Amino acid sequence: TDLQRLCVHESIGNKIPKEGFVEAFDELSIPVELVGDDESYDESDAVASFKPRPEFLDAGWVHVIRAGYDAFDTDEYETTGTPLTNSTGIHGTTVGEIAVGYMLSLARMLHVYRDHQNDSDWYEPEYQRPFTVEDERLCVIGLGTLGQGIATRADALGMDVVGVRRSQESVPGVSEVYHPDDLHDAIADARFVAVAVPHTPSTEGMISTDELATMRDDAYLVNVARGPIVDQDALVDALDAGTIAGAGLDVFETEPLPEESPLWDFEEVIISPHRGSATNRYHLDIAELVAENVRRYQDGESLKNRVA
Ligand code: NDP
Ligand code: 7N6
């Protein structure tokens, strides 16, 4: 069956402007409709959504507007044969820049100066505290779109970049690639450890008490992937005990991060509200990917980023 319409589920409004996203499809071969939870679907419908809904399984094809599709049950899609695609491939620059932003700030103390600026305070830090990221080691865990976006930028800043992935396939700017079984060797000497793996049963809790103890006590953890990959209680304990120096975090076990979380109160923790990929043109990047797949679907070609 050919596609007759693209249904944009209103849950995308969590992260991108709904109207702007729909307008981005002005040259699409099929009409685009904004739909709510009461919509039903058939084979001639394509769906783009942030959240999963059981009715989507009746559609001809479903696109998750996120790179991480851990909220969707791929087994259900395999069972019904409904193709499921995700948005990997578009976040190398956006998330790469924010990860490098955390590292530069943590090294040169921009976040601390801004804290003091709030009190008009001409704060001069201890001489030993600031350092350059140049020549410091970064270990990037997960070397896909995000990991490579971080690694190439860190390499350009003169950092010594190593990484971790199952396939051990090499990537530009990364001098050594470790297998996840050797995670401890990979992170032990790093000044920065950046987490960029998908959230799966094998990555959940990948950074916990042992890994935080293995890290240098002057090391910083960056998590731009998913909250549950890092054991958050273990992280708070390590920050409290000073067995690591700080963190840059875009993702959390519970989002929004609850007001009572101790993470808010560490000077050396930079918190962003899961907006690591958000820029003023994010909706256009996602729309371009969806439009490409509408074309492929109509031409009988295999879909880009198919995950089920
Ligand atoms: P990719 O699929 O491009 O990359 C994932 C990488 O992780 C691959 O290099 C893969 O390599 C590696 N990997 C997978 N499993 C393991 C494992 N068990 N141990 C070590 N490495 C592993 O995904 P993206 O880079 O596009 O996105 C990664 C995740 O980041 C998403 O799933 C999402 O959760 C999150 N994300 C967060 C955003 C934000 O706003 N903060 C924005 C976009 C994504 P190999 O197969 O060789 O192991
Ligand atoms: C914003 C989602 C992802 O997985 O969580 C991120 O891509 C960002 C649409």
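For the structure, see preceding data.
Report follows, based on the coordinates. Note that this is a predicted model, so its numbers are computed, not measured.

**Digging into the sheet that holds strand E2 (residues 32-35)**
Read from one edge of the open sheet, 5 strands run E2-E1-E3-E4-E5, paired in parallel fashion. The open sheet has two edge strands with one neighbour each: E2 and strand E5 (84-85). As paired elements, strand E1 (residues 5-9) and strand E3 (residues 45-49) share 4 bridges and run parallel to each other. Paired with Arg5 across the two strands is Asp45, which belongs to E3.

**Here's the deal with the site of ligand 2**
Neighbouring ligand 2 are the residues Lys15, Ile65, Arg66, Ala67, Gly68, His91, Arg226, His274, Ser277 and Tyr282. Between ligand 2 and Arg226 there is a distance of 2.7 Å, counted from an oxygen atom to a side-chain nitrogen or oxygen. Expressed as a share of its isolated accessible area of 290 Å², the protein-covered part of ligand 2 is 93%. Looking at the shell around ligand 2 residue by residue, the class counts come to 3 nonpolar, 4 polar and 3 charged.

**Considerations on the sheet that holds strand E6 (residues 137-141)**
Spatially, the 7 strands line up as an open sheet ordered E8-E7-E6-E9-E10-E11-E12, and their pairing is parallel. Each end of this open sheet is capped by a strand with a single partner; those strands are strand E8 (176-178) and strand E12 (269-271). Taking the axes of each pair of neighbouring strands and ignoring which way they run, one obtains an average angle of 15° across the sheet. Where strand E9 (residues 192-195) lies against strand E10 (residues 220-223), 4 bridges are found, and the strand directions are parallel. Bridge pairing in E10 links Val195 to Asn223.

How each quantity is defined
Residues numbered from 1 in each chain as written. Chains lettered and ligands numbered in written order. Predicted model: local features only at pLDDT ≥ 70, side-chain atom pairs only at ≥ 80, totals over all residues. Heavy atoms only, no water. Pairing = 2+ DSSP bridges. Helix = DSSP H or I, 4+ residues; strand = E, 2+ residues; numbered from the N terminus. Near = heavy atom within 4 Å. Polar contact = N/O pair within 3.5 Å; in protein donor to acceptor, adjacent residues only side chain to side chain. Areas by Shrake-Rupley, 256 points an atom, 1.4 Å probe, with all protein chains shown as cover. Nonpolar A, V, L, I, M, F, W, Y, C, P; charged D, E, K, R; others polar. Axes fitted to C-alpha atoms, helices over the stretch in contact; angles between N-to-C directions.

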